[in-house]
Amino acid sequence: MARFPIPGRPGGPPGAERPDRPFTGYKLARAVLSADCAKTAFAGLTLGAERVYGVTAEASCVWTPRHAPPRRWCGCGFYCLHELADAQALGCATENRSALLIEVAASGRYIRYERGLRYSRQRVRVISGCWCDCGNPGTALTDAGTGLVGWRHLSPICDRCSVGRRALRLAEFAALLDGRVQVETPSGISDTGAPEPVPSQAGESPYAVLSAEIALLHARLDDLQSRLDR
Ligand SMILES: [Zn+2]
Ligand SMILES: [Zn+2]
């Protein structure tokens, strides 16, 4: 996989770069609610699935306290994608269906990949969307039936499916976070109780379902290979 400089983004050698200003990125995160229902936060999906983070967070290595992320030969640190469409595509994968799509400002130390960044510091800016199991845009969050010690996982749910269920509106979820985060209202939903039909197969083409995290790992392997070739 060839790696080209991305137009409009600062160039420079790979490795421990520091941006002049934060990058805007897109990623998926799990919504979580504290055991006493007083606080909300986010959790990772794969590598960082056991780590709960707030609106601003500093990454720590999941394997060792002896280095600070992102370390080149380690997979640690936060990940984000440059393009919203890539994060939306990642959200189509079965295991990511209950994730929130979020926009972040990435800063601190970072390593750049073709499609995204691995970095040390993050601020969550916007909750950009989520989907109910039924295919409608999510408007609230409900207990997912799983969790971590001290935190319940939450799953998105739409107005229609949340009738009679205990659920937190997205704005209520945001209000319980430890900082200010904007919530984008889902489009394509009607307040008349008759949600607009969602086209079947929306975004579900096998071609659209790419795993961006795997793309990032491939980029790392390419990088390793190019170093070995030298
Ligand atoms: Zn590490
Ligand atoms: Zn629904």
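Residues numbered from 1 in each chain as written. Chains lettered and ligands numbered in written order. Predicted model: local features only at pLDDT ≥ 70, side-chain atom pairs only at ≥ 80, totals over all residues. Heavy atoms only, no water.

Here we look at a nonpolar patch on the surface
The grouping of Leu 47, Val 62 and Trp 63 at the surface amounts to a nonpolar patch, some 290 Å² of accessible area in total. Along the chain, the position of Val 62 falls in the loop between β4 (56-58) and β5 (78-81). For Val 62, a relative accessible area of 33% gives the class partly exposed. (Patch = residues over 30% accessible without salt bridge, like charges linked within 9 Å, V, L, I, M, F, W, Y side chains within 5 Å. Areas by Shrake-Rupley, 256 points an atom, 1.4 Å probe, with all protein chains shown as cover. Salt bridge = Lys/Arg side-chain N within 4 Å of Asp/Glu carboxyl O. Helix = DSSP H or I, 4+ residues; strand = E, 2+ residues; numbered from the N terminus. Buried < 20%, exposed > 50% of the residue type's maximum accessible area, 1.4 Å probe, protein only.)

Description of the pattern of salt bridges
Summed over the entire model, instances satisfying the criterion amount to five salt bridges. For Asp 143, the salt bridge is made with Arg 152, and the minimal N-O distance between the two is 3.2 Å. You can call Asp 143 partly exposed: its relative accessible area is 36%. Note that Arg 169 is salt-bridged to Asp 159, the shortest N-O span being 3.0 Å. You can see Arg 169 sitting in strand β10 (residues 168-169) and its partner Asp 159 sitting in the loop between β9 (151-157) and β10, a full 10 residues away along the chain. Taking relative accessible area as the criterion, Asp 159 reaches 27% and is therefore assigned partly exposed.

Details of the coordination of the zinc ion (ligand 2)
The coordination sphere of the zinc ion (ligand 2), as far as protein atoms go, consists of Cys 132 (SG), Cys 134 (SG), Cys 158 (SG) and Cys 161 (SG), spread over 2.2 to 2.3 Å. Bound by four donor atoms, the zinc ion (ligand 2) shows angles of 103 to 116° at the metal and therefore tetrahedral coordination geometry. Expressed as a motif, the donor residue spacing for the zinc ion (ligand 2) is C-x1-C-x23-C-x2-C. Since its relative accessible area comes to 30%, Cys 161 is described here as partly exposed. (Donors = N, O, S within 2.8 Å, 3.2 Å for Na, K, Ca; no water. Tetrahedral: all angles 85-135°; square planar, octahedral: opposite > 155°, others 65-115°.)

Observations concerning the coordination of the zinc ion (ligand 1)
Those protein atoms acting as donors to the zinc ion (ligand 1) are Cys 61 (SG), His 67 (NE2), Cys 74 (SG) and Cys 76 (SG), and they sit at 2.1 to 2.3 Å. Viewed at the metal, the four donor atoms of the zinc ion (ligand 1) are separated by angles of 102 to 114°, and the geometry they form is tetrahedral.

Comments concerning the pairing of strand β8 (residues 140-148)
As judged from the six bridges shared by β8 and β9, these two strands associate in the antiparallel manner. Among the inter-strand pairings, Thr 142 is bridged to a residue of β9, identified as Ser 155. Two successive antiparallel strands, β8 and β9, enclose a turn made up of two residues, where Gly 150 displays a positive phi of approximately 90°. In terms of strand pairing, β8 meets β10 through two bridges, oriented antiparallel. Looking at the pairing, Ala 140 lines up with Arg 169 of β10. (Pairing = 2+ DSSP bridges.)

Overview of the confidence of the model for the chain
Low-pLDDT portions of the prediction should not be read for the details of their coordinates. With 72% of its residues at a pLDDT of at least 70, the chain reaches an overall mean of 81. Every residue in residues 1-14 scores below 50 in pLDDT, and together they form 21 contacts with partners more than four places removed in sequence or on other chains. Of the regions scoring below 50 in pLDDT, residues 188-212 engages in 25 contacts with residues more than four places distant in sequence or in other chains. (pLDDT = per-residue confidence, 0-100. Contact = heavy atoms within 4.5 Å.)

As for the nonpolar core
Counting 29 residues, the largest nonpolar core has Phe 42, Tyr 53, Leu 100, Ile 102, Tyr 119 and Phe 173 as the members making the most contacts within it. Elements represented by at least two residues in this core include exactly β1 (23-34), β5, β6 (100-112), β7 (116-129) and α2 (170-175). Considering every element that reaches this core, the biggest residue donor is β6, with five residues. Among all residues touching Phe 42, those that are not within four sequence positions of it are Ala 29, Arg 30, Val 32, Arg 51, Val 52, Tyr 53, Gly 54, Leu 100, Ile 102, Val 124, Phe 173 and Leu 177. (Core = buried A, V, L, I, M, F, W, Y, C linked by side-chain atoms within 4.5 Å.)

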